[in-house]
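Fold and geometry: a report
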Amino acid sequence: MIEAIDASIKERLGNAEKILITGHIRPDGDAIGSMLALGLSLLNADKDVQMVLPAGLPTAFSHLEGSELVQKETEGDIDLFISVDCADFSRIHEDLQSFGMPAINIDHHITNEKYAEINLVEADSVATASILTEHLPVWGLEITKPVAAALLTGLITDTLGFRTLNMNPKAFRQAATLMELGIDLPDLYYQALVSRSFKAARYWGAGLSSLERDGQMVWAVLSLKNRKAVNYHGNDDADLINMLSAIEDSPVALIFVEQPKEMVKVSWRARGKEWNVAQVAAQFGGGGHRAAAGATIKGSLDEIKPKVLRATREIL
Ligand code: AMP
Ligand code: MN
Ligand code: MN
């Protein structure tokens with residue numbers, strides 16, 4: 001089965017000239033690292049590659065080689081469309097949805113809808129970058145030093161520095177192999193996971209001051225007002241959720257991040273193998289993994305919050 005998928009991907013890559021690669025909206029280190037790794041290795045194979053993120057590349061990843069090639073728009077025709085780290089078609093940016101369904105979908109989300117012609121989906125992989133580390137050489141693509149840095153960034157970010165519940169020996173072996181290509185792991189780790197802007201730290205402060213707890217759940221709220229007050233430019237939680245998930249006696253953490261146009265982005269994190277927060281996220285049109293899931297929900301904070309907390313309490 002996997003051999004057949006590898007063979008068809010290799011064939012499609014071989015026949016394609018103009019390749020479009022994208023990751024999911026609100027791209028994280030795995031989406032970006034995976035897109036760069038595949039894109040750079042295909043460029044090395046003399047393909048015409050466009051790596052496109054219509055909302056631009058988050059500055060936190062601009063240290064990666066190849067990030068300067070990331071475009072906001074496509075140019076000219078495309079003969080092969082590939083999505084990475086993207087569980088469903090609705091998480092492809094709307095500007096790119098006019099290209100139709102991707103031909104190739106490479107991902108590790110348990111909720112992946114297998115929307116492409118060829119779906120390389122391995123839910124037991126810690127990151128899409130882990131799948132690529134294994135499969136790029138099978139497709140005849142070389143893992144050069146910049147490709148290794150991109151892959152390692154995906155591994156580090158999706159495992160929060162090799163400590164998530166789904167962490168496995170294979171990912172450590174892959175990280176070791178990538179490091180052997182000359183990657184400065186401490187530097188990459190700092191850039192991808194530790195370094196924060198001063199604005200982001202103040203934004204955390206606003207979120208932390210809203211902290212509440214009930215039973216096994218702990219949660220915080222970040223409003224548009226909070227964001228404006230500290231002049232934080234992202235529309236995300238600046239990874240505050242990962243701090244909430246460290247709070248003792250609260251195995252399930254949530255964050256509600258208010259968005260423009262009456263939308264709320266909710267993130268869930270669970271500690272302990274018994275909870276499956278992807279299941280709750282799916283009830284709200286989102287998805288993700290057992291221990292980390294998200295959804296973007298229509299409605300005001302005041303409407304969404306009690307509904308989401310009630311649904312989450314049901315799985316506890
Ligand atoms: P986040 O809370 O955005 O950090 O996401 C946690 C996990 O859930 C990641 O693996 C995301 O890819 C996934 N996820 C987040 N939002 C959605 C969504 N709206 N639909 C499907 N998966 C999502
Ligand atoms: Mn991702
Ligand atoms: Mn991922």
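Residues numbered from 1 in each chain as written. Chains lettered and ligands numbered in written order. Predicted model: local features only at pLDDT ≥ 70, side-chain atom pairs only at ≥ 80, totals over all residues. Heavy atoms only, no water.

**Looking at the coordination of the manganese ion (ligand 3)**
The protein atoms donating to the manganese ion (ligand 3) are Asp30 (OD), Asp85 (OD), His108 (NE2) and Asp158 (OD), with metal-donor distances spanning 2.1 to 2.2 Å. The distance between the manganese ion (ligand 3) and the manganese ion (ligand 2) is 3.6 Å, with Asp85 acting as a donor to both metals. In this pair, Asp85 is assigned in the loop between β3 (80–84) and β4 (104–107) and His108 in the loop between β4 and β5 (118–121), connecting sequence segments 23 residues apart. One exposure class covers both Asp85 and His108, and it is buried. (Donors = N, O, S within 2.8 Å, 3.2 Å for Na, K, Ca; no water. Helix = DSSP H or I, 4+ residues; strand = E, 2+ residues; numbered from the N terminus. Buried < 20%, exposed > 50% of the residue type's maximum accessible area, 1.4 Å probe, protein only.)

**Points about the environment of Glu65**
Take Glu65: it is sitting in the loop between β2 (48–51) and β3. For Glu65, a relative accessible area of 54% puts it in the exposed group. Put simply, Glu65 and Gly294 are 229 residues apart on the chain and 29 Å apart in space, counted from C-alpha to C-alpha. Residue contacts for Glu65: discarding those within four places in its chain leaves Leu36, Leu40 and Pro146. (Contact = heavy atoms within 4.5 Å.)

**A word on the site of ligand 1**
Lining the immediate environment of ligand 1, one finds 15 residues, of which Arg91, His109, Lys265, Ser267 and Arg269 sit closest. One nitrogen or oxygen atom from the side chain of His109 is found 2.8 Å from an oxygen atom belonging to ligand 1. One of the side-chain N or O atoms of Lys265 is found 2.5 Å from an oxygen atom in ligand 1. Protein contact buries 84% of the 470 Å² of open area that ligand 1 shows by itself. Among the elements that line the shell around ligand 1, the one with the most residues is strand β11 (residues 292–298), at five residues. Classifying every residue of the shell around ligand 1 by side-chain character gives three nonpolar, eight polar and four charged. Split by domain, the shell around ligand 1 shows at least three residues from each of two domains, domain 1 (2–193) and domain 2 (198–315). (Near = heavy atom within 4 Å. Polar contact = N/O pair within 3.5 Å; in protein donor to acceptor, adjacent residues only side chain to side chain. Areas by Shrake-Rupley, 256 points an atom, 1.4 Å probe, with all protein chains shown as cover. Nonpolar A, V, L, I, M, F, W, Y, C, P; charged D, E, K, R; others polar. Domains from an automatic or database assignment.)

**Details of the side chain of Asp30**
Along the chain, Asp30 falls in helix α2 (residues 29–44). One buried charged residue, Asp30, remains without a salt bridge, the closest side chain of opposite sign being Arg91 at 9.8 Å. Here His108 takes part through its side chain, which lies 3.3 Å from a polar atom of the side chain of Asp30. At a separation of 2.8 Å, a polar atom in the side chain of Asp30 contacts the main-chain amide nitrogen of Thr128. Those residues in contact with Asp30, other than ones at most four positions away along the chain, are Asp85, His108, Ala127, Thr128, Ala129, Gly154, Thr157 and Asp158. (Lys, Arg positive; Asp, Glu negative; His and termini not counted. Salt bridge = Lys/Arg side-chain N within 4 Å of Asp/Glu carboxyl O.)

**A few points about the packing of helix α4 (residues 145–158) against helix α5 (residues 169–179)**
Two numbers describe how α4 lies on α5: the axes approach to 9 Å, and their chain directions differ by 150°. By the angle between their axes, α4 is roughly antiparallel relative to α5. Remark: the crossing between α4 and α5 carries left-handed chirality. Of the residues in α5, those touching α4 at Ala148, Leu151, Leu152 and Leu155 are Ala171, Gln174, Ala175, Leu178 and Met179. Across the contact of α4 with α5, the residue classes tally to eight nonpolar, one polar and no charged. (Axes fitted to C-alpha atoms, helices over the stretch in contact; angles between N-to-C directions. Parallel < 35°, antiparallel > 145°, perpendicular 65-115°, else oblique. Left-handed = near helix turned anticlockwise from the far one by under 90°.)

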